[in-house]
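Letter by letter, the chains look like this.
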Amino acid sequence: MKLSEDFLSRIKDSNDIYDVISNYVPLKKTGTDYVCNCPFHSEKTPSCHIYMATQSFYCFGCGAAGDVINFIRLYEHLGYVEAVRFLAQRAGIPMPDDGGEDGARIRARILEMNREAGKFYHKLLFSPQGKEGLDYLLGRGLTIHTIRLYGLGYAPNDWSLLRNHLSSLGFSDDEMIEASLGVKSQKNNNTYDFFRYRVMFPFFDTRGNIVGFSGRVIGGDDSRKYLNTKATPVYNKSTYLYSMNHAKNSGKSSLIMCEGNLDVISMFQAGFTNAVATCGTAITDSHARAIANQNFKEVILAYDSDDAGKKATARAINILDKVGIITKILQIKGAKDPDEFIKKFGSDAFSLQIDKAVPAMEFELEKIKAESDITNPQGKAEFLKRCVAFISTVHSPIDRAVYIADVSAYCDIGRATIETSVEQTIKRQNRARQNDMQQGIISGAYKKDKVNPDASKYPAEVEAERGIIAYLFHSPDFLKKITDKITPDDFPTEFNRGLFTELCILIEGGEGTDLSVLGESHEPDEISAITRIIRDGNTLPYSIDRLNDYITNLLKFRDKKSQKQVKDMSAAELLAYANKMKENK
């Protein structure tokens, strides 16, 4: 059965990897992630890591890895479709008919439903029923013009008002549930409205379609402040950015990244039309790629100043850096968020704050300074160690030189000493990565599951193959730049050659490269191997120079192979080869 990427995304969004794996093995929190004793091999010390940001797992002991679907395949010994069905049943999501789903028709119906729901909510906001919602929005400082521009609406405290309206337009209960506009009661099996007693924020995509909604509670006994559309065939929170439909037309090369919808709208109303926000999730790699694809060169992070905001800032810096976007930090003083600041001090004062936004690396360095005490030798030594570790992660040699000079002046330590320590750290990190790769191949880590038995024959080329494949997962838009120089035939190992070919077909066909999409054509151990490729690729910056190095390595291998083939030719074959070379010239 062919399952769409939209459906698979919905399955994964509805089956959090922590919730699923914790039903099988005890998990221990470490930072923002979790570890456990691997359920796929015997061990005393936890080596299996569950990564919440990427919703994936990876065992450093046996190499088992993948997403939540691959975990179920491995643990329950199920086939691909059976594992998806298992998770679908767990989440109460109906499987598509075995004959295949008409994805385009379903998406069109959901977009039509969303459009009708948006009009319905908007009309209600300006009716007597919507007075409470309108008063709330006006009380937050929004004008009628702004409210209409963003299509804001109101969902009354009624269980079936929207359902009855959509039913009158010919939409079924099942369609409403599929669109996350309705939800089925577990008590009586009736369908009721998903959003109730909330101010409604439609999610417009860059083409003007309503792909989902966010509802801000204003009354009732629902403790959830915000309620967002669940994953549907037209909405994925990991890729959607609120107000990008406005920001892309702002004429600015920078984006202002906020935490909430109201922050964005308040900033737009104040003249800052390049503000966006994620919805119900932290920033992801997909968000970063979407920003880069819209040709924004810089992102100014305007998150709240609380602990959660600081963690979100640190995460966003790392993710945006991967796609080469310059990141700056807005340091708001006298207010907890942009919305409050603009209300208290006005748009001109906020514009000055934007001009003073601190570059991400400088922000990180200042944070280390604030957390360190250099008045005693031990504190100074600890400060320098943290600074060296931090500066060694900076990709630009020029930026590294600037920060080394800053640290040198701050703690009165010779610049050359810090520079040497940074260079040694970078070399040590690179050497460790290379050693891990080489040792993995030599020890047979890549042959344990017999996925790529050719790997040990071509260690340098395998590293290049894996690097290029990881790059395609990260930046599919680079496909043409890669295929202009190399072809699948330039990959010496069969598994990586086949995987590269498959990725080329998927990307050229406009399909996604999510692991769940590949699951149908690969065994669980192959998905584990692909996950390792992606994970190893993420440990280094995705730079053009790095990609070109990988391509150069494979081109050198091609030349060596050609020279060997020429050497083994007979006289007649050599003459034919020479004539062919002349024709090509």
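Anything mentioned here points back to the structure above.
Owing to the predicted nature of the structure, the values given are computational and were not obtained by experimental measurement. (Residues numbered from 1 in each chain as written. Predicted model: local features only at pLDDT ≥ 70, side-chain atom pairs only at ≥ 80, totals over all residues. Heavy atoms only, no water.)

Q: What is the right way to read the sheet that holds strand β9 (residues 198-204) from this model?
A: By definition, the strands of a sheet pair up through backbone hydrogen bonds, in either a parallel or an antiparallel sense. Judged by pairing direction, the sheet is antiparallel, and its four strands sit side by side in the order β6-β9-β10-β11 without closing on themselves. The open sheet has two edge strands with one neighbour each: β6 (153-155) and β11 (226-228). Neighbour-to-neighbour, the strand axes of the sheet open up by a mean angle of 30 degrees, direction not taken into account. The pairing of β9 with strand β10 (residues 210-217) spans seven bridges and is antiparallel. Counterpart to Pro202 in the pairing with β10 is Phe213. (Pairing = 2+ DSSP bridges. Helix = DSSP H or I, 4+ residues; strand = E, 2+ residues; numbered from the N terminus. Axes fitted to C-alpha atoms, helices over the stretch in contact; angles between N-to-C directions.)

Q: What exactly am I supposed to notice about the packing of aromatic side chains here?
A: The relation between two aromatic rings is expressed through the spacing of the ring centres and the mutual angle of the planes. Scanning all chains against the criterion turns up 27 aromatic pairs. Between the aromatic rings of Trp159 and Tyr192, the centroid separation amounts to 5.2 Å while the plane-to-plane angle is 75 degrees, which identifies the pairing as edge-to-face. In this pair, Trp159 is assigned in the loop between β6 and α8 (161-168) and Tyr192 in strand β8 (residues 191-193), connecting sequence segments 33 residues apart. Linked through ring pairs, Tyr150, Phe203, Tyr235, Tyr240, Tyr242 and Phe268 together constitute an aromatic cluster. Sitting over the face of the ring of Trp159, Arg196 holds its NZ or CZ atom 4.0 Å from the ring centroid. Its end group placed over the ring of Tyr58, Arg535 keeps NZ or CZ at 4.7 Å from the ring centre. (Phe/Tyr/Trp six-rings, centres within 6.5 Å; stacked < 30°, edge-to-face > 60°. Lys NZ or Arg CZ within 6 Å of the ring centre and 35° of its normal.)

Q: Sorry, what's going on with unusual backbone geometry here?
A: If a residue is not glycine, its phi is most likely negative; likewise, a peptide bond is most likely trans. In this structure, Ser180 takes a positive phi of about 65 degrees despite not being glycine. A positive phi angle, near 75 degrees, is found at Ser243, a position not held by glycine. Note that Ser243 resides in the loop between β11 and α10 (244-247).

Q: Teacher, can you tell me more about the environment of Arg400 here?
A: Tracing the backbone through its elements, the reader meets Arg400 in helix α18 (residues 397-411). With a relative accessible area of 19%, Arg400 lands in the buried category. Arg400 sits 39 residues away from Met361 along the chain, and the two C-alpha atoms are 9.6 Å apart. (Buried < 20%, exposed > 50% of the residue type's maximum accessible area, 1.4 Å probe, protein only.)

Q: Help me understand the packing of helix α16 (residues 360-370) against α18 in this model?
A: For any two helices packed against each other, one specifies the crossing angle of their axes together with the interaxial distance. Their axes nearest at 11 Å, the elements α16 and α18 cross at an angle of 25 degrees. One element, α16, and the other, α18, form an angle in the roughly parallel class. Crossing handedness for the pair α16 and α18: right-handed. Residues Met361, Glu362, Leu365 and Lys369 of α16 form the contact with α18, whose participating residues are Tyr403, Asp406, Val407 and Tyr410. (Parallel < 35°, antiparallel > 145°, perpendicular 65-115°, else oblique. Left-handed = near helix turned anticlockwise from the far one by under 90°. Contact = heavy atoms within 4.5 Å.)

Q: Just checking my understanding: could you explain helix α4 (residues 80-91) for this structure?
A: Helical geometry note: an α-helix holds 3.6 residues per turn, so side chains three or four residues apart project in the same direction. Here α4 is twelve residues long and its end C-alpha atoms lie 17 Å apart, about the 16 Å a rise of 1.5 Å per residue gives. Residues of α4 that are buried: Tyr80, Val81, Ala83, Val84, Leu87 and Ala88. Along the axis of α4, the buried residues cluster in a sector spanning 160 degrees; they form a single face. In the core, the buried residues of α4 are packed alongside α1 (5-13), α2 (17-21), α3 (68-76) and α23 (515-518). Gly92 sits one or two residues past α4 and shows a positive phi near 75 degrees. (Expected span 1.5 Å × (residues − 1). Arc of directions from axis to C-beta.)

Q: Whenever I open this one, the sheet that holds strand β1 (residues 28-30) confuses me. Can you help?
A: Read across the sheet, five strands follow the order β1-β2-β3-β4-β5 without closing on themselves; strand pairing throughout is antiparallel. Each edge of the open sheet is held by one strand with a lone partner, namely β1 and β5 (65-66). Both strand β2 (residues 33-36) and strand β3 (residues 48-51) contribute to a ladder of three bridges, which runs antiparallel. Paired with Val35 across the two strands is His49, which belongs to β3.

Q: Would you mind showing me how to read the nonpolar core here?
A: Side chains of nonpolar character tend, in soluble globular proteins, to be buried together. Grouped together as the largest cluster of nonpolar side chains are 62 residues, with contacts concentrated most on Val84, Ile468 and Ile530. Once you skip the residues sitting within four places of it in the chain, Val84 turns out to touch Leu3, Phe7, Leu8, Ile11, Ile69 and Met95. (Core = buried A, V, L, I, M, F, W, Y, C linked by side-chain atoms within 4.5 Å.)

Q: So what exactly am I meant to see when it comes to the layout of surface pockets here?
A: Think of a ball as big as a water molecule: rolled over the atoms, this probe shows where empty space is left. Of the volumes computed, that of the second largest pocket is approximately 1200 Å³. Lining the second largest pocket are 44 residues, and of these Arg10, Ile93, Pro94, Ile177 and Glu178 lie nearest its centre. Those elements that provide at least two residues to the lining of the second largest pocket are α1, α5 (103-125), α9 (173-178), β7 (182-184) and β11. Counting residues per element, the lining of the second largest pocket draws most heavily on α5, which supplies five residues. In the lining of the second largest pocket, the residues fall into 18 nonpolar, twelve polar and 14 charged. (1 Å grid on protein atoms, 1.4 Å probe; cavity = no way out; pocket = protein on both sides within 12 Å on 5 of 7 lines; lining within 4 Å. Points joined across faces, edges and corners; volume = space filled by probe spheres on them. Nonpolar A, V, L, I, M, F, W, Y, C, P; charged D, E, K, R; others polar.)

Q: Hey, could you run me through the environment of His41 in this one?
A: Mapped onto the elements of the fold, His41 is located in the loop between β2 and β3. What makes His41 partly exposed here is its relative accessible area of 26%. Remark: the alpha-carbon pair of His41 and Phe204, spanning 163 residues in sequence, is separated by 47 Å. Each residue touching His41, except ones within four places of it in the same chain, is listed here: Ser47, Cys59, Gly61 and Cys62.

Q: Mind showing me how you'd approach the pairing of β3 here?
A: The two faces of the sheet receive side chains in turn, since in a regular strand these alternate between them. Burial along β3 is one-sided: the residues Cys48 and Ile50 are buried and none of His49 and Tyr51 is. Across four bridges, β3 lies against strand β4 (residues 56-59) in antiparallel orientation. Each bridged residue has a counterpart across the sheet, and for Ile50 the counterpart in β4 is Phe57. Connecting β3 to the antiparallel partner β4 that follows it, the hairpin turn spans four residues, and Gln55 within it adopts a positive phi of roughly 50 degrees.

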